[in-house]
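# Geometric and topological summary
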Amino acid sequence: MNSLGFDKAPGDTRIVVAMSGGVDSSVTAALLHEAGYEVIGITLQLYDHGMAVERKGACCAGQDIYDARQVADSLGIPHYVLDYESRFRQSVIDEFADSYLNGETPIPCVRCNQTVKFRDLLQTASDLGADALATGHYVQRKEGENGAEMHRAVDRSRDQSYFLFATTQEQLEFLRFPLGDLPKSETRAMAERFSLPVAEKPDSQDICFVPNGSYARVVEKLRPGSVESGEIVDLDGRVLGQHNGIIHYTVGQRRGLGIGGLEGPLYVVRLEPETHRVVVGPKAALARDLVHVREANWLSSVPVGNEGLAVEVKLRSAQEAVTGRVRQAGTADDTRCEVWLDSPQYGISPGQAAVFYQGDRVLGGGWIDAAELRNLEAARQVA
């Protein structure tokens, strides 16, 4: 077996590397090339070149495509650019805009991995006769008794498993993640050792197609005339102020509400797209311990069933996992489930993901549809 788990020499193993133009994917290509694999680099042009020309640290457009080509040239590997702009618009950007207008807080990076990268690009890699598609994600792939398993990265501060929960079992069998057991500092050092042109390039911080981090501006451009002003009200419906669109708010938000002069801090408790209302209240009003999840994807053969399965669950990418039980919400083939949290959590927002773990292993996850409070007394004690 070679280092990627194939029963043949590295030189007889063709690997397509998804090269975004950043340090991580560039080091991935360099490592595999150094190990003797037949490496083919592919970069996807995902959104308008003009939007990205002046941006640094993004991916998949403008300067980043040029950077990926420079890295491929320095390594002496073939490199191709595929125009997936139309697919990306349909699968990711349009849904992003509609999700915000529906009062949700979307995660377009998950949809991008789920559709354009791990569906369309994976198929392209297969069509090229590749044995695997390798990416620069910080996540581990391990062989288990029932096939490939996904585990959190060794470097927890860089772990990206939350954004890959929608990966199917079939896709995971074909994927490889060479950086999953490395700290970011070592990746940077390797970039220097390989003398890669992007060794000093900063990491991307924003959603790639959102210039200057202004989500609302993108939504207004994509859906002109659909953003409507409305009222900011308290839990009793008393009007506290006005807003210029619910797309400017997210559940759990405290700052920037524009309703100063009131006693005690107020948070966004929920968004009402039908009435264009932003409902605010004290922190205690955010408490939720029952989460309804749609489009659940499972990477585990462990049956969930109606009695439930003890898990740790991450409800936002930047938050630590909390304990609870996940239960099937309907029939065995239903993609809906419920998460019963052991203690109330705050700021759970529709449109975010609930990702399930047992230890470091990723069992799967789904999209948060709604959340409610079933144990009022426990919420009072925590608050």
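Description of the structure in this document. Counting restarts for each chain: residues are numbered from 1 in the order of the written sequence. It should be noted that, the model being predicted, local features are given only for residues of pLDDT at least 70 and side-chain atom pairs only at 80 or more, the latter also being counted only at that level, while totals for whole chains, interfaces and linings use all residues. Hydrogen atoms and water are omitted, and side-chain values are computed over all heavy atoms in the structure.

## So, the pairing of strand 10 (residues 267-272)
Put simply, the test is: Partly exposed describes any residue whose relative accessible area lies between the buried limit of under 20% and the exposed limit of over 50%, with all areas from a 1.4 Å probe on protein chains only and scaled to the type maximum. Each helix corresponds to a stretch of at least 4 residues labelled H or I by DSSP, and each strand to a stretch of at least 2 residues labelled E; elements are numbered beginning at the N terminus. At least two bridges found by DSSP between two strands is the condition for calling them paired.
Across the 6 residues that make up strand 10, a large majority, 5, are buried. Bridge analysis of strand 10 against strand 11 (residues 277-281) gives 5 bridges, and the strand direction is antiparallel. Bridged to Arg-270 within strand 11 is Val-279. In this structure, the hairpin formed by strand 10 and strand 11 is closed by a connection of 4 residues, where His-276 is found at a positive phi of approximately 60°.

## Examining the environment of Ile-232
The following threshold applies: Residue contacts are defined here by distance: any two heavy atoms, one from each residue, within 4.5 Å place the two residues in contact.
Position of Ile-232 relative to the elements: it lies in strand 8 (residues 230-233). The buried category is assigned to Ile-232, whose relative accessible area is 1%. Between the C-alpha atom of Ile-232 and that of Ile-259, which follows or precedes it by 27 residues, the distance is 8.4 Å. Not counting residues within four places of it along the chain, the set of residues in contact with Ile-232 comprises Arg-238, Val-239, Leu-240, Gly-241, Gln-242, His-243, Tyr-249, Leu-257, Ile-259, Val-278 and Val-280.

## Quick look at the environment of Met-150
In this fold, Met-150 is placed in strand 6 (residues 147-152). Sequence separation between Met-150 and Glu-228 is 78 residues; the distance between their C-alpha atoms is 42 Å. Setting aside chain neighbours within four positions, we find Met-150 in contact with Val-139, Gln-140, Ser-161, Leu-164, Thr-167, Leu-172, Leu-299, Asp-360, Arg-361 and Val-362.

## Notes on the packing of helix 1 (residues 23-34) against helix 7 (residues 184-193)
Note the threshold: Note on geometry: axes are C-alpha line fits, over the in-contact stretch for helices, and angles between N-to-C directions span 0 to 180 degrees. When the near helix sits turned anticlockwise from the far one by under a right angle, the crossing is termed left-handed; a clockwise turn instead gives a right-handed crossing. Residue classes follow a fixed rule: Ala, Val, Leu, Ile, Met, Phe, Trp, Tyr, Cys and Pro count as nonpolar, while Asp, Glu, Lys and Arg count as charged, and any other residue, Gly among them, counts as polar.
In the contact formed by helix 1 and helix 7, the axes pass within 10 Å of each other and the chain directions differ by 65°. Seen along the crossing, helix 1 lies across helix 7 with a hand that is left-handed. Across the interface between the two elements, Val-23, Asp-24, Val-27, Leu-31 and Glu-34 of helix 1 pack against Lys-184, Thr-187, Arg-188, Met-190, Ala-191 and Arg-193 of helix 7. In the contact of helix 1 with helix 7, the residues fall into 5 nonpolar, 1 polar and 5 charged.

## Considerations on the nonpolar core
Put simply, the test is: Nine residue types can take part in a nonpolar core, namely buried Ala, Val, Leu, Ile, Met, Phe, Trp, Tyr and Cys, and a core is a set of them joined through side-chain atoms within 4.5 Å.
Residues Leu-46, Phe-88, Phe-96, Leu-133 and Phe-209 are the most contacted members of the largest nonpolar core, which totals 50 residues. With 7 residues, helix 5 (residues 108-127) is the largest single contributor of residues to this core. Here Phe-96 is in contact with Pro-106, Pro-108, Ile-207, Phe-209, Val-210, Tyr-215, Val-218 and Val-219, once residues within four sequence places are set aside. Among the nonpolar cores identified, the runner-up in size contains 30 residues, and Met-19, Ile-77, Ala-132 and Leu-179 belong to it.

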